[in-house]
Amino acid sequence: MEFAMRQAATAEQDLPHAANDRIRLMIVKKKAAEYPLDDVETEGWAASTPDTAKDFSAVAWYFAREIEQREHVPVGVIDSTWGGTVAEAWTRMAALGADAALAPVFVSWGQMTEREEDALLRDKGEQMQRAEAKAAGKPEPQFPWHPQLLSWGPAMLWNGMIAPLTPFPIRGVIWYQGESNSALARAPLYRRVFGTMIEDWRHAWGVGDFPFLFVQISNFKSSTNEDWAELREQQLKTLALNNTAMAVTIDIGNPDNVHPTDKVDVGLRLALAARALSYGEDISYSGPIYRQATPEGNAIRIWFEHPAKGLTAKGGELTGFEVAGADGRFVPATAKIDGNTIVASSNAVAEPRFVRYGWANSPQCNLFNGEGLPASPFTSAE
């Protein structure tokens, strides 16, 4: 979400035309705190201009532009973001602590703090190597990205960057995060952490169940130490919460770059959800969402929510489906569209019991609805 307009693929064409005094922007400066603060550090509100928009969240700016143009209302957007952080850092400490199932969050934090001395020595060594390269006129050496310790602390960013905003009336929240929670130990907990955060934010603002619109992480090759498929499934299950919506981005990521530069489509898909949930427009705002799977002999039939104008395979035959029998061992499947359902099967599985779609860090999958919105990856296996 922090990814700035100036970095977006469409910046060259859109930034020069960013002047719009009906779009007001405010950037909250990064601040981790051990207790809830009563104010944020910011330069204050500013009308959108090429200069004020260039460092603003690209997703949030495109979202605001679309809402202003479609609804003909002024839009104010608060950019309170810190890239490469975990959801628990944005969640109130007492809310995390009230759920015993979230104890692993605190175990992970304890392990991270115990390694901090080594991390500081590593950072010092990297700084020395950069300085030596600069003095010698050589290219700056590149090192793996490392998080700043306090930015990952439970509640640290809630305290410094969200709690002070809760007296301010808001219409809703847009959220784009999850990659940092994709580690094997963290991913299975994401729904619980994220759901706790959403419900607690709503409680803290005290204005009811405002729309909480979030982005499902896209596709990235990543490593075997991360499970992006599980993280997406956790995000999908978060839709069980009232007044939430999810923008699927599995089709617009970059397998080789954790920061895809197409932010305009992300903003537009979030705006579709806002137009439906917040402004009451009767529009299709989501791609196909898995509802249920029914075994049918040597095949399995999959039903979906939001099959607006029918299901379609973009670019040819359907890809990305796998089936499994009672043993739970998934194999690639042949999948065909049958009305508003999909029928999947494999010669290697006589009686399919489970099906999944797009189940990989960077899957090849191409199911859309007739409105051109992609289907969310899913699994029917618990």
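This is a predicted model, so every value here is computed, not measured. (Residues numbered from 1 in each chain as written. Predicted model: local features only at pLDDT ≥ 70, side-chain atom pairs only at ≥ 80, totals over all residues. Heavy atoms only, no water.)

A. Geometry of helix 8 (residues 190-205). Its 16 residues place the ends of helix 8 22 Å apart at the C-alpha level, agreeing with the 22 Å of an ideal helix rising 1.5 Å per residue. Regarding helix 8, the residues found buried are Tyr 190, Val 193, Phe 194, Gly 195, Thr 196, Met 197, Ile 198, Asp 200, Trp 201, Arg 202 and Trp 205. Positive backbone phi, approximately 65°, marks Gly 206, located one or two places after helix 8. (Helix = DSSP H or I, 4+ residues; strand = E, 2+ residues; numbered from the N terminus. Expected span 1.5 Å × (residues − 1). Buried < 20%, exposed > 50% of the residue type's maximum accessible area, 1.4 Å probe, protein only.)

B. The arrangement of the nonpolar core in detail. Judged by nonpolar contacts, the single largest core of 64 residues is most densely connected at Trp 90, Trp 175, Trp 201, Phe 212, Phe 321, Ile 342 and Leu 367. Leaving out residues up to four positions away in the same chain, Ile 342 has contacts with Ile 300, Arg 301, Ile 302, Phe 304, Leu 311, Leu 318, Phe 321, Ala 335, Lys 336, Ile 337 and Leu 367. In this structure, Met 1, Leu 15, Val 75 and Val 264 belong to the second largest nonpolar core, which totals 34 residues. (Core = buried A, V, L, I, M, F, W, Y, C linked by side-chain atoms within 4.5 Å. Contact = heavy atoms within 4.5 Å.)

C. The environment of Ala 187, seen in detail. Within the secondary structure layout, Ala 187 lies in the loop between strand 4 (173-175) and helix 8. What makes Ala 187 buried here is its relative accessible area of 0%. Here the alpha-carbon distance between Ala 187 and Gly 370, two residues 183 residues apart in the chain, equals 31 Å. For Ala 187, the residues in contact, after removing those within four places along its chain, are Asn 181, Ser 182, Asp 227, Glu 230, Leu 231 and Gln 234.

D. Structural view of the environment of Trp 205. If you trace the backbone, Trp 205 turns up in helix 8. Here the alpha-carbon distance between Trp 205 and Thr 166, two residues 39 residues apart in the chain, equals 5.0 Å. Beyond its immediate sequence surroundings of up to four residues, Trp 205 is in contact with Ile 162, Leu 165, Thr 166, Phe 168, Ile 170 and Phe 210.

E. Fine view of the sheet that holds strand 10 (residues 321-324). Spatial strand order, 11-10-14-16: 4 strands in an open sheet with antiparallel pairing. Every other strand in the sheet has two partners, leaving strand 11 (330-332) and strand 16 (378-379) as the edge strands with one partner each. Where strand 14 (residues 354-357) meets strand 16, 2 bridges bridge the pair, whose relative direction is antiparallel. Of the residues in strand 16, the one forming a bridge with Arg 356 is Thr 379. (Pairing = 2+ DSSP bridges.)

F. Local environment of unusual backbone geometry. Residue Ala 155 is not a glycine yet carries a positive backbone phi of 75°. Mapped onto the fold, Ala 155 is located in the loop between helix 6 (116-135) and helix 7 (156-162). If you check the backbone angles, Lys 309 has positive phi at about 60° while not being a glycine. Mapping Lys 309 onto the fold places it in the loop between strand 8 (299-305) and strand 9 (311-313).

G. Quick look at the packing of aromatic side chains. Applying the stated criterion across every chain yields a total of 19 aromatic pairs. With a centroid separation of 5.3 Å and an interplanar angle of 80°, the aromatic rings of Trp 61 and Tyr 62 are classed as edge-to-face. Per residue, the accessibility class of Trp 61 equals that of Tyr 62, and both read buried. Aromatic rings pair up to connect Trp 90, Trp 158, Trp 175, Tyr 190, Phe 194, Trp 201, Trp 205, Phe 210, Phe 212 and Phe 214 into one cluster. Above the ring of Phe 210, the side-chain terminus of Arg 202 is found at 5.9 Å from the ring centroid. The side chain of Lys 263 reaches across the aromatic face of Phe 3, ending 4.7 Å from its centre. (Phe/Tyr/Trp six-rings, centres within 6.5 Å; stacked < 30°, edge-to-face > 60°. Lys NZ or Arg CZ within 6 Å of the ring centre and 35° of its normal.)

H. Local environment of the pairing of strand 13 (residues 341-345). Both strand 8 and strand 13 contribute to a ladder of 5 bridges, which runs antiparallel. By the bridge assignment for strand 13, Ile 300 is matched with Ala 344. Direction of pairing for strand 12 (residues 334-338) relative to strand 13: antiparallel, over a ladder of 5 bridges. Paired with Ala 335 across the two strands is Ala 344, which belongs to strand 13.

None of this, on its own, says anything about what the molecule does.
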